[in-house]
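Secondary and tertiary structure notes
Each chain is listed here by its residues.
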Amino acid sequence: MSNLTNTLFVGKVLLRFEALESTNEYAVNLVSKNKPSEGTVITAFDQTKGRGQIGRSWSSEPGKNLTFSLILYPKMLPVRHQFLLNQAIALGLSDYLRQYFKDVRIKWPNDIYIGDRKICGILIQNLLSGSNIQASIIGIGLNVNQCEFDPSLPNPTSLAKEMGKTLDLDEVLAKLCESLELRYLQLRADKPSILKKDYLEQLYRFQESALFQYPDGKLFSGQIVGVTEAGKLRIHHQNGEEHFDVREVSFVI
Ligand code: BTN
């Protein structure tokens with residue numbers, strides 16, 4: 001795949017594994033032992049203990065999907081601005097998908113949806129050093145050719161389900177590396193206003209009336225009006241504006 005990537009550094013080093021428990025876990029260990037070059041990608045044909053957000057797991061049928069981690073060193077990014085990296089990565093993925101589908105949305109904080117169906121999950125693990133980010137492990141699970149999913153998953157989809165054809169995983173990975181790099185370069189070039197504007201433009205349910213749920217199950221209706229610098233979701237409801245982190249609110253689809 002490396003020779004096919006039309007990138008400066010993302011995906012130029014590609015470490016492929018037949019099976020790994022978690023590509024993120026492997027990448028975190030690698031970064032703590034060596035200093036792999038920026039843009040190194042670790043991919044597993046079969047990821048056996050994939051990790052998801054907020055302690056969830058991520059399951060993927062062996063050989064059907066992309067499960068990979070990208071190593072970046074966004075040293076220019078102060079920790080308090082780390083959500084900009086989430087925004088850049090989510091945009092890189094949605095830019096790629098937008099070539100094929102018009103209703104691609106970023107569901108806060110960084111799930112990628114087609115319509116009301118989840119096609120991709122992102123798990124970013126930042127290794128901090130003082131007030132800066134020393135290294136960032138970007139874990140991406142993109143459903144590509146899997147068409148049957150665990151019925152307990154709320155609304156999964158895949159490229160193959162949406163397009164009605166099977167795709168070549170290496171080609172998808174090569175193109176994704178390009179889109180991810182373009183957005184990461186915008187971040188490096190200190191273009192936060194572009195990233196923030198594009199993120200809001202693509203945000204699922206932005207400025208629409210929608211139903212949400214507190215962790216105790218209580219429902220409320222409101223409108224997403226933005227995200228804070230720290231990445232909290234800003235929802236306007238009948239009592240004013242409230243800011244939520246990912247454990248404090250969920251969408252009722
Ligand atoms: C989520 O939506 O909860 C995030 C899922 C992230 C899954 C990817 S698959 C590759 C990488 N390795 C992991 O263990 N998790 C991420």
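Everything here concerns the structure above.
Now for a look at the structure at hand. Bear in mind the structure is a predicted one, so any value in this text is a computation, not a measurement. (Residues numbered from 1 in each chain as written. Predicted model: local features only at pLDDT ≥ 70, side-chain atom pairs only at ≥ 80, totals over all residues. Heavy atoms only, no water.)

1. Things to note about the overall build of the protein
Scanning the protein from terminus to terminus reveals five helices and 14 strands. Taking 253 residues into account, the globule formula puts the C-alpha radius of gyration at 18 Å, and the protein, at 18 Å, falls close to it. Across the protein, the fraction of contacts at a sequence separation of at least 24, relative to all contacts at a separation of at least 6, is 63%. For the protein, the computed accessible surface area is about 12100 Å², with 48% contributed by carbon and sulfur atoms. Looking at charge distribution, the protein has the averaged site of its 29 positive side-chain charges lying 3 Å from that of its 28 negative ones. (Helix = DSSP H or I, 4+ residues; strand = E, 2+ residues; numbered from the N terminus. Rg over C-alpha atoms; globule rule 2.2 N^0.38 Å. Contact = heavy atoms within 4.5 Å. Areas by Shrake-Rupley, 256 points an atom, 1.4 Å probe, with all protein chains shown as cover. Lys, Arg positive; Asp, Glu negative; His and termini not counted. Charge placed at Lys NZ, Arg CZ, Asp CG, Glu CD.)

2. Description of the sheet that holds strand E6 (residues 104–107)
Ordered by their spatial adjacency, seven strands build an open sheet running E1-E2-E5-E9-E8-E7-E6, and the pairing between neighbours is mixed. With one partner strand each, in any of the chains shown, strand E1 (14–20) and E6 form the two edges of the open sheet. Geometrically, the sheet is characterised by an average inter-axis angle of 20° between neighbouring strands, direction not taken into account. Bridge analysis of E1 against strand E2 (residues 41–47) gives six bridges, and the strand direction is parallel. Looking at the pairing, Ala19 lines up with Asp46 of E2. Strands strand E5 (66–72), E6, strand E7 (111–114), strand E8 (117–129) and strand E9 (132–142) of the sheet are contacted by helix H2 (residues 83–98), whose axis makes an angle of about 150° with E8. (Pairing = 2+ DSSP bridges. Axes fitted to C-alpha atoms, helices over the stretch in contact; angles between N-to-C directions.)

3. Regarding the site of the ligand
Residues in contact with the ligand amount to 20 residues; listed here are only the nearest, Ser22, Gln47, Arg51, Gln53 and Lys118. Here Gln53 contributes a backbone N or O atom positioned 2.7 Å from an oxygen atom of the ligand. In the environment of the ligand, an oxygen atom lies 2.7 Å from a nitrogen or oxygen atom belonging to the side chain of Lys118. Protein chains shield 98% of the accessible area of the ligand, which is 420 Å² for the free molecule. Among the cavities detected, the one that contains the ligand is the largest pocket. Contributions of two or more residues to the shell around the ligand are made by helix H1 (23–33), strand E3 (50–51), E5, E8 and E9. A per-element tally of the shell around the ligand places E8 first, with four residues. (Near = heavy atom within 4 Å. Polar contact = N/O pair within 3.5 Å; in protein donor to acceptor, adjacent residues only side chain to side chain. 1 Å grid on protein atoms, 1.4 Å probe; cavity = no way out; pocket = protein on both sides within 12 Å on 5 of 7 lines; lining within 4 Å. Sits in = over half its atoms within 2 Å of the grid points.)

4. Some thoughts on the packing of helix H4 (residues 169–188) against helix H5 (residues 192–201)
The geometry of H4 relative to H5 is characterised by a closest axis approach of 8 Å and an angle of 135° between their N-to-C directions. The angle between the axes of H4 and H5 places the two elements in the oblique class. Contacts from Arg183, Gln186 and Leu187 in H4 reach Ile194, Leu195 and Asp198 in H5. Residues of the contact of H4 with H5, tallied by class, amount to three nonpolar, one polar and two charged. (Parallel < 35°, antiparallel > 145°, perpendicular 65-115°, else oblique. Nonpolar A, V, L, I, M, F, W, Y, C, P; charged D, E, K, R; others polar.)

5. What about the layout of surface pockets?
Reported here for the largest pocket is a volume of approximately 930 Å³. Mapped onto the lining of the largest pocket, the elements with two or more residues apiece are H1, strand E4 (57–58), E5, E7, E8, E9 and strand E14 (250–251). Tallying contributions element by element places E8 first for the lining of the largest pocket, with four residues. Composition of the lining of the largest pocket by domain shows at least three residues from each of domain 1 (14–201) and domain 2 (209–251). The calculated volume of the second largest pocket comes to roughly 530 Å³. (Points joined across faces, edges and corners; volume = space filled by probe spheres on them. Domains from an automatic or database assignment.)

6. Quick notes on the sheet that holds strand E13 (residues 240–244)
The strand order across the open sheet formed by five strands is E13-E12-E11-E10-E14, and the pairing between neighbours is antiparallel. Of all strands in the sheet, those with a lone pairing partner are E13 and E14, marking the two edges.

7. What about the pairing of E2?
Taking burial as the measure, the seven residues of E2 include five buried ones, the bulk of the element. Alignment of E2 against E5, held across three bridges, turns out to be antiparallel. Across the sheet, Thr43 pairs through a bridge with Phe68, a residue of E5. (Buried < 20%, exposed > 50% of the residue type's maximum accessible area, 1.4 Å probe, protein only.)

8. Notes on the pattern of salt bridges
Applying the stated criterion to the full structure yields 16 salt bridges. Arg183 serves as the salt-bridge partner of Asp95, at 2.7 Å between the closest nitrogen and oxygen. With Asp95 in helix H2 and Arg183 in helix H4, this residue pair connects regions lying 88 residues apart in the sequence. In this structure Asp95 comes out as partly exposed when scored by relative accessible area, which is 23%. Residue classification places Arg183 among the buried residues on the basis of a relative accessible area of 8%. Lys197 is paired through a salt bridge with Asp198; the nearest N and O atoms lie 3.5 Å apart. Among the residues examined, Asp198 registers a relative accessible area of 12% and is labelled buried. (Salt bridge = Lys/Arg side-chain N within 4 Å of Asp/Glu carboxyl O.)

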